[in-house]
Amino acid sequence: MNRIEGRVKVTGLATYAAEYPAEGLTHAYAVQSRIAKGRVKRVDGGPALELPGVLAVLSCEDPPPLAEGVEGELALFQSREVAYRGQIVAAVVADSYENARAAAAAVRVEYDPGDHDVTLRADHPGLYKPEVVNPNFPADTGHGDVEAGLAEAATTVDVTYTTPVLHNNPMEPHACVALWEKDGRLLVYDSIQGTTSDRDTLAKTLGLPPDGVRVVARHVGGGFGSKGSTRPQAVLAALAARAVGRPVKIALTRQQMFDVTGYRTPTIQRLRLGADAGGRLTALEHVAYEQSSTLVEFAEQTALPARVMYATPALRTAHRLVRLDVATPSWMRAPGECPGMYALESALDELACAAGIDPVELRVLNEPDTEPGSGLPFSSRHLVACLREGARRFDWDARDPRPGIRRMGEWLVGTGVAASTYPAYRSPSKAVATLRDDGDFLVQVAAADIGTGARTVLTRIAADTLGVAPQRVHLELGDSALPDAPVAGGSMGTASWGTAVVRACEELLRDGKEGRADTTEEVRNAAKLARQAFGAQFAEVRVSAVTGEVRVPRLLGVFACGHIVDAKLARSQFLGGMTMGLGMALMEETLTDAEFGGFLHRDLAQYHVPACADATGVEAHWLEEHDDELNPMGSKGIGEIGIVGTAAAIGNAVHHATGHRIRDLPLTPAKILMARF
């Protein structure tokens, strides 16, 4: 299907959060901390209030009321403590955006600065073991004797890989319009990946009942996790609107987004692997070092893929966290699996090279019968089939395994492979399906379409269930007034919302007029199985021997993700994820300012993402996988698996091209030249 909302988007008629009209609309602009740690001594809003059009200055000098127990970045102006550079310490409300921004620059903030620490390192004295990692997995797991397994191995590797701070950078900035209605209810137009959870968080933060808040987000211009939870701009808009008695709009600048909307934690990952003479693993250890803020503990599940991927008699995974004077990290596309699989699949390639075994065959040799970490049976697992089909399409058998020998003029040529995986999650959801007077059908669910095509796929699911043409189904989503639904995140949107839509439509067929569904019990009673999507990615690179520049003329992925509901939407998701993985491999990086705190790369002029010219030969294919243990559609999430493994495949190809292993992302020309010379 073509996207249902395609025409309104390309003609500019789709309304995003910052574009909703409101009578008497005003504008808010945040004032951010210029120190990384310390206290706010004084906020002087007087100079700002003297400027034209300024209505109010909000700060800790007169803290606006919030509910008890609010913490983290949402507890705006409740404390004088500064936890990181860029933290919101005040805000100005004015009659225009220009006036608000000018007035924000006039606010005078005095600080008592303290000594800050913003650097993650593997020997940091503040490292500790968190109780759980995102969202609720044990931090450490293990079975067998890793040391004994390494001692008896014919081949071992002991390597450390690092990934930098990465930022989500959705196309649409984080924005919000908030207005208080006459009955005391709050209406919020927010750029958010889930209106139900946003409503509940705002209500809890502001001390309101859930039905006292309504959140609308009919169109969202990307999120990649950064809009998966309520961000400060929504709370600020609500507080400012209450302060001035008029609707307030706030649209964060790209630079502000780098500070207050989350990021992927940097990681330091040590992997120790051992294999016997035949290539079977004897031990695998994966330890991840990460950071969080002093405000909130967020521990990314980086070592989790090692619990899923390969059979080994001895396995240990561990996470260590340090709380630094930095903003709180958060979800970014494929949290955990993305950085974790980069390190694991790179280390496995090193093991293959050291053992003299083909990297595809090494993965096939270590295919497990059950999930290694839990012992649970897989609902379905076709990684080997993905590897075989990818190798066939990529002509892998013709590859010369020797590194650094293929050349085309100044360009060194290499190929690499890596596996992909991502969990097949599903959460409870509600939906309502109704027969309209004109004979068409109305389906309502508070899902979010963040650019993935949720409207289209849910319309198709409903039409297939009802046995009618998609044109007869009218879908409403993106409003917390609709039946509750989980966020668009964790690659679980279609599985979660789709289950509710199917059940509501089935009930409608029985009732004749209306069907209502709540899948809480169905999800709770699902069989205990390991549900994962899998894939294999192959990359060809060309590395300039003169400049160190890396080109990727071909990137091929083959995935097994259950039943593909819509091929056009699926291909878009796979290609987008793979392209984002290419950016992770070659260019994406946010530097932290050790001297002053905060981030140095704070816009798209400095934080580079792939352009079309960087992704000229990206191919996505899939196997039709039958799995009755997932959901009524038989589908697995596809929004994130495309980014998983891509960076490793490219990094492994760079090693094959140059003969040099670079273990610190991104693979910049400077690093390549330093490695070669």
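Our subject is the structure listed above.
Residues numbered from 1 in each chain as written. Predicted model: local features only at pLDDT ≥ 70, side-chain atom pairs only at ≥ 80, totals over all residues. Heavy atoms only, no water.

*Asks:* Quick question: what am I supposed to make of empty space enclosed by the protein here?
*Replies:* Empty space among the atoms becomes apparent when a probe as large as a water molecule is rolled across them. Considering all chains together, one arrives at three cavities of 30 Å³ or more under this definition. Considered as a void within the structure, the largest cavity measures approximately 50 Å³ in volume. Around the largest cavity, the lining residues are Tyr84, Arg85, Asp259, Asp325, Val326, Ala327, Thr592, Gly598 and Phe599. Looking at the lining of the largest cavity, its residues break down into four nonpolar, two polar and three charged. (1 Å grid on protein atoms, 1.4 Å probe; cavity = no way out; pocket = protein on both sides within 12 Å on 5 of 7 lines; lining within 4 Å. Points joined across faces, edges and corners; volume = space filled by probe spheres on them. Nonpolar A, V, L, I, M, F, W, Y, C, P; charged D, E, K, R; others polar.)

*Asks:* I keep staring at the sheet that holds strand S26 (residues 618-623) and nothing clicks. Help me out?
*Replies:* Hydrogen bonding along the main chain pairs the strands of a sheet, whether they run parallel or antiparallel. One open sheet holds the five strands; their spatial order is S18-S19-S24-S25-S26, and the pairing between them is mixed. Two strands lie at the open edges of the sheet, namely strand S18 (406-408) and S26, each paired on one side alone. Going from strand to strand, the sheet's axes swing by 25° on average, the running direction of each strand aside. Note: strand S25 (residues 550-560) against S26, six bridges, orientation parallel. Paired with Leu556 across the strands is Glu619, a residue of S26. (Pairing = 2+ DSSP bridges. Helix = DSSP H or I, 4+ residues; strand = E, 2+ residues; numbered from the N terminus. Axes fitted to C-alpha atoms, helices over the stretch in contact; angles between N-to-C directions.)

*Asks:* Got a minute to help me understand the pairing of strand S16 (residues 281-293) in this structure?
*Replies:* Regular strands show a simple pattern: their side chains alternate between the two faces of the sheet. The buried fraction of S16 amounts to 13 of the 13 residues, a majority that puts the element mostly inside the structure. In terms of strand pairing, strand S15 (residues 267-275) meets S16 through eight bridges, oriented antiparallel. Bridge pairing in S16 places Gly274 opposite Ala283. Between the end of S15 and the start of S16, which pair antiparallel, lie five residues, with Gly279 showing a positive phi angle near 95°. Note: S16 against strand S17 (residues 315-324), ten bridges, orientation parallel. Across the sheet, the residue bridging to Ser293 is Leu324, located in S17. (Buried < 20%, exposed > 50% of the residue type's maximum accessible area, 1.4 Å probe, protein only.)

None of this, on its own, says anything about what the molecule does.
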